[in-house]
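Structural overview
Each chain is listed here by its residues.
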Amino acid sequence: MTRFHDWKIIVTGGTRGIGRGIVEAFLKEGAFVVATYTKNDQEANLMKEQLAEFGNKLLLEKFDVSKSEEVKQFYQRLETRWDRLDVLVNNAGIKHDQVTALMTDDEWKQVMNINLDGTFFMSRTAIPLMMKNRFGRIIHISSVSGKSGLPGQTNYSATKAGQIAMAQVMAKEVGKKGITVNAVCPGFIETEMISYMNDEQKRATLAQIPVRRLGLPSDVANVVTFLSTRESAYITGTSIDVSGGLGA
Ligand code: NAP
């Protein structure tokens, strides 16, 4: 028997990058997974095609995690299909880098809305669903930027630090109900989000990473699945770096 046989799992931003790696890891271990996204139908459809072997165990849901009403409607649809929720991975996130003095209101607000409001809206409804079965795992995909800021990321770092704080608070609120809440802090992971880097920037980045390679979505997925197991019941309110030693 696999670790997540027939478990019910939501991964926001699950159609690309790190989220997709997490979705695949859960599917391979027998879970039902909803992968959410917000606009890129092409990537979502490609994923559905490439993961056709998992049939109806993979569901795609298109909505914006930063919109409270859309999140509410998503959970209403979900409750007609699923009688429980075991794991929520708050992975959907964006960045709009700009030095503080030049950052626009929109650059600030969009990052706040998706990374922080989205994590809050998704968790708020997941918690009572998990309480019904006295079991649940909530994992926020934060970043090492939430622990030590990089220039140009005043908005992004604030949200990623916020997700770590939210894990600490939620863990204290729901610990006695069998629910754990943790944050995972990736370093540089090979996805669209870091595609802006030219060769020189990559070389400079690698020089700072003790294990001398960029991370893969599967590196993050390994930690997310570990935190999701029943055996991880005593790990809550903490954050784990997946950064190859960057920031250690
Ligand atoms: P990515 O490749 O850009 O994928 C982002 C995913 O989030 C996509 O599925 C996207 O959907 C979805 N998404 C974006 N805005 C959304 C919204 N408003 N509502 C619902 N879904 C939304 O990102 P990634 O690099 O995998 O990053 C995933 C998470 O890891 C983020 O929280 C990021 O901050 C964190 N992280 C990444 C790195 C890294 O090096 N890559 C490092 C540290 C932390 P569409 O396809 O429809 O746009």
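In case you missed it, the structure is sitting above this.
Residues numbered from 1 in each chain as written. Predicted model: local features only at pLDDT ≥ 70, side-chain atom pairs only at ≥ 80, totals over all residues. Heavy atoms only, no water.

**Remarks on the overall build of the protein chain**
A count of helices and strands for the protein chain gives seven helices and seven strands. For the protein chain, the sequential pattern of α-helices and β-strands runs β-α-β-α-β-α-β-α-β-α-β-α-α-β. The C-alpha atoms of the protein chain give 17 Å as radius of gyration, which agrees with the globular expectation for 248 residues (18 Å, within 12%). With the C-alpha coordinates of the protein chain rotated into their principal frame, the extents come out at 50 × 35 × 35 Å. Relative to its 248 residues, the protein chain shows a buried fraction of 50%. Taking the intrachain contacts of the protein chain between residues at least 6 apart in sequence as the baseline, contacts between residues at least 24 apart amount to 75%. (Helix = DSSP H or I, 4+ residues; strand = E, 2+ residues; numbered from the N terminus. Rg over C-alpha atoms; globule rule 2.2 N^0.38 Å. Buried < 20%, exposed > 50% of the residue type's maximum accessible area, 1.4 Å probe, protein only. Contact = heavy atoms within 4.5 Å.)

**Description of the site of the ligand**
Neighbouring the ligand are 30 residues; R16, K39, N91, Y156 and T191 lie closest to it. Between the ligand and the protein, one listed contact pairs an oxygen atom with a backbone N or O atom of N40 at 2.8 Å. If the ligand stood free it would expose 910 Å²; the protein chains cover 96% of that surface. Elements represented by at least two residues in the shell around the ligand include exactly helix 1 (17-28) and helix 5 (154-174). Its residues placed into classes, the shell around the ligand shows 14 nonpolar, eleven polar and five charged. (Near = heavy atom within 4 Å. Polar contact = N/O pair within 3.5 Å; in protein donor to acceptor, adjacent residues only side chain to side chain. Areas by Shrake-Rupley, 256 points an atom, 1.4 Å probe, with all protein chains shown as cover. Nonpolar A, V, L, I, M, F, W, Y, C, P; charged D, E, K, R; others polar.)

**Let's talk about the environment of A35**
Positionally, A35 belongs in strand 2 (residues 32-37). Taking C-alpha positions, A35 is 6.2 Å from I10, a pair spaced 25 residues apart along the chain. Ignoring sequence-local partners within four residues, the contact set of A35 consists of V11, G14, T15, V23, M47, L58, L59, L60 and E61.

**Here's the deal with the pattern of salt bridges**
The tally for this structure, following the rule as stated, stands at twelve salt bridges. In this structure, the salt-bridge partner of K28 is E24, at a minimum N-O distance of 4.0 Å. Residue K28 and its partner E24 are both found in helix 1; the two are separated by four residues, about one turn of the helix. Across the salt bridge formed by D86 and R84, the nearest N and O atoms sit 3.0 Å from each other. For R84, a relative accessible area of 25% corresponds to the partly exposed category. Bridged by salt links that share partners, the residues R20, E24 and K28 form one connected network. (Salt bridge = Lys/Arg side-chain N within 4 Å of Asp/Glu carboxyl O.)

**Overview of the sheet that holds strand 1 (residues 8-11)**
Pairing is parallel in the open sheet, where seven strands are placed in the order 3-2-1-4-5-6-7. Two strands in the sheet have a free side with no partner beyond their single neighbour: strand 3 (58-62) and strand 7 (239-242). Strand after strand, the sheet turns through a mean of 20 degrees between neighbouring axes, direction not considered. The pairing of strand 2 with strand 3 spans five bridges and is classified as parallel. Across the sheet, V33 pairs through a bridge with L58, a residue of strand 3. (Pairing = 2+ DSSP bridges. Axes fitted to C-alpha atoms, helices over the stretch in contact; angles between N-to-C directions.)

**Considerations on the packing of helix 1 against helix 7 (residues 217-228)**
At a minimum axis separation of 8 Å, helix 1 and helix 7 run at an interaxial angle of 50 degrees. Judged by the angle between their axes, helix 1 and helix 7 are oblique. Between helix 1 and helix 7 lies a crossing whose hand is right-handed. Contacts from G17, I18, G21, I22, A25 and F26 in helix 1 reach P217, V220, A221, V224, T225 and S228 in helix 7. Of the residues contributing to the contact of helix 1 with helix 7, the split by class is eight nonpolar, four polar and no charged. (Parallel < 35°, antiparallel > 145°, perpendicular 65-115°, else oblique. Left-handed = near helix turned anticlockwise from the far one by under 90°.)

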